[in-house]
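Observations on the model geometry
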Amino acid sequence: MASVGANQKRAGERVAFIAGNWKMNLDHLQAIAFVQKLAWSLKDARHDFSDTEVAVFPPFTDLRSVQTLVSADKLELKYGAQDVSRHLSGAYTGEISAEFLKALDTPYVLVGHSERRQYHRETDDHIADKVAAAVKNGIVPVICVGETAEDLELYGPSAVPVSQLHAALALAGDAKEIVVAYEPVWAIGSGQAATPEQAEQVAEQLRYVIAEVLGGEIADATRILYGGSVKSSNIAGFLRQPNVDGALVGGASLDLAEFASIAQFRKHVGT
Ligand code: 13P
């Protein structure tokens, strides 16, 4: 019988994953205060981390501080970086390698966020290299895919995310664990989230891609997140979908009470 991976409670039941992408917000001192308060708040709420994993994705300059705090206080919170270099080392001024992230015990890294694709001209090739660099260093890539409003009109709901995921996995054939975040560009920061049904429709297609490239077992174990205007008032609807296993939260992850409430989505599943 196949063994049950760390992110699987039992066959077919994945540990939920709530991730906060801080983007370019909160310096290292603010990060320390925020993570401390978040940990207290989840402790007060008796948060069950074995049921729902919670992670923050701060800017690079915060990572060492967050790592120190998490390890010194033995916090169950996880953290990740927002990007990684496609190169492993060398003369690449300003870049941060996967090895450096590994040295900070960074479990996760976002790859291919739409803001990187849009404002930093990251292509599918860059993203495939970054995924490969993360995998090579034992860091789980959180691969972000999503269509623009124009893509949606031209190609329908899942064509662009599916092709982006195929491309991102081009060099990741030996990956044992990945996370995929479906973030429609039109829903990011717009206040207009996708419907849970829209998210499910794309997540299901993305799971087929993972099965095709990495095999059925990994596809079953992979957490697929929805991102784009997630709030405490709409999170429960997404998590009720069979193929949506969590959320990648932007703006609302900077509001401590709101993010803690999103992490505690099981308490308002009936709402
Ligand atoms: P918002 O939650 O602010 O829409 O951002 C989503 C996002 O881009 C997370 O990576």
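Here we summarise the structure given alongside this text.

What counts, and at which threshold
- Residues numbered from 1 in each chain as written.
- Predicted model: local features only at pLDDT ≥ 70, side-chain atom pairs only at ≥ 80, totals over all residues.
- Heavy atoms only, no water.
- Helix = DSSP H or I, 4+ residues; strand = E, 2+ residues; numbered from the N terminus.
- Rg over C-alpha atoms; globule rule 2.2 N^0.38 Å.
- Buried < 20%, exposed > 50% of the residue type's maximum accessible area, 1.4 Å probe, protein only.
- Contact = heavy atoms within 4.5 Å.
- Areas by Shrake-Rupley, 256 points an atom, 1.4 Å probe, with all protein chains shown as cover.
- Expected span 1.5 Å × (residues − 1).
- Arc of directions from axis to C-beta.
- Polar contact = N/O pair within 3.5 Å; in protein donor to acceptor, adjacent residues only side chain to side chain.
- Near = heavy atom within 4 Å.
- Nonpolar A, V, L, I, M, F, W, Y, C, P; charged D, E, K, R; others polar.
- Pairing = 2+ DSSP bridges.
- Axes fitted to C-alpha atoms, helices over the stretch in contact; angles between N-to-C directions.
- Core = buried A, V, L, I, M, F, W, Y, C linked by side-chain atoms within 4.5 Å.
- Salt bridge = Lys/Arg side-chain N within 4 Å of Asp/Glu carboxyl O.

Attention now moves to the overall build of the protein. A count of helical and extended segments in the protein gives 11 helices and 10 strands. Its C-alpha radius of gyration of 17 Å places the protein within 12% of the 18 Å reference for a compact globule of 271 residues. Along the three orthogonal principal directions, the C-alpha set of the protein runs to about 50 × 45 × 45 Å. In the protein, which comprises 271 residues, the share counted as buried stands at 53%. Summarising the internal contacts of the protein: among those between residues at least 6 apart in sequence, 75% fall at separations of at least 24. Of the roughly 12400 Å² of accessible surface on the protein, a fraction of 52% belongs to carbon and sulfur atoms.

Quick look at helix α1 (residues 28–44) now. Compared with the 24 Å implied by 1.5 Å per residue over 17 residues, the 24 Å span of α1 between its first and last C-alpha is a close match. Listed as buried for α1 are A31, F34, V35, L38, A39 and L42. Seen along its axis, α1 keeps its buried residues to an arc of 130 degrees; they face one direction. Of the exposed residues in α1, those oriented more than 90 degrees away from the buried face are L29, W40, K43 and D44. Buried residues along α1 sit against β4 (52–57), α2 (60–72) and α11 (256–263). Where α1 starts, the residue carrying a side-chain oxygen 3.0 Å from the main-chain nitrogen of L29 turns out to be D27.

Attention now moves to the site of the ligand. Inspection of the region around the ligand gives 13 residues, with K23, E183, G189, S229 and G251 positioned closest. The side chain of K23 places a nitrogen or oxygen atom 2.8 Å from an oxygen atom of the ligand. Between the ligand and S229 there is a distance of 2.7 Å, counted from an oxygen atom to a backbone nitrogen or oxygen. Contact with the protein chains removes 95% of the 310 Å² of surface that the ligand exposes when unbound. Here the residues of the shell around the ligand sort into 4 nonpolar, 7 polar and 2 charged.

On to the sheet that holds strand β6 (residues 108–111), then. The 8 strands lie next to each other as β3-β4-β5-β6-β7-β8-β9-β10, forming a closed barrel whose pairing is parallel. Going from strand to strand, the sheet's axes swing by 25 degrees on average, the running direction of each strand aside. One ladder, built from 4 bridges, connects strand β3 (residues 16–21) with strand β10 (residues 246–249); its direction is parallel. Across the sheet, A19 pairs through a bridge with L248, a residue of β10.

Attention shifts here to the side chain of S97. Along the chain, S97 turns up in the loop between β5 (78–81) and α3 (98–103). The exposure class of S97 is buried, given its relative accessible area of 6%. With residues near it in sequence (within four places) discarded, S97 still touches V84, S85, H87 and L88.

With that settled, consider the nonpolar core. Across soluble globular proteins, nonpolar side chains have a tendency to be buried as a group. Among the nonpolar cores identified, the biggest contains 68 residues, and L165, I210 and Y226 are the most heavily contacted of them. Counting residues per element, this core draws most heavily on helix α8 (residues 196–214), which supplies 7 residues. Those residues in contact with I210 that sit more than four places away from it in its chain are L165, I178, V180, G215, I218, A219, T222 and I224.

Right, let's talk about the pairing of β10 for a bit. Along β10, one buried face is formed by G246 and L248 and the opposite face, lined by A247 and V249, is buried too. Note that strand β9 (residues 223–227) and β10 share 3 bridges and pair parallel. Bridging from a neighbouring strand, L225 pairs with G246 of β10.

Among the residues making up helix α7 (residues 159–168), those that are buried are V160, P161, Q164, L165, A167 and A168. Across the axial projection of α7, the buried residues extend over an arc of 160 degrees, all falling on one side. Contact partners of the buried residues in α7: α4 (114–119), α5 (124–136), β7 (140–145), α6 (149–155), β8 (179–182) and α8.

Another aspect to go through is the pattern of salt bridges. Counted under the stated rule, the structure contains 13 salt bridges. Its salt-bridge partner being E53, residue R223 comes within 2.9 Å of it at the nearest N-O pair. Remark: E53 occurs in strand β4 and R223 occurs in strand β9; sequence separation between them is 170 residues. A residue is classified by how much of its surface remains accessible, and R223, at 0% relative accessible area, is buried. One salt bridge in this structure joins R117 and D124, with 3.3 Å as the shortest N-O distance. Given the relative accessible area of 16%, R117 is considered buried.

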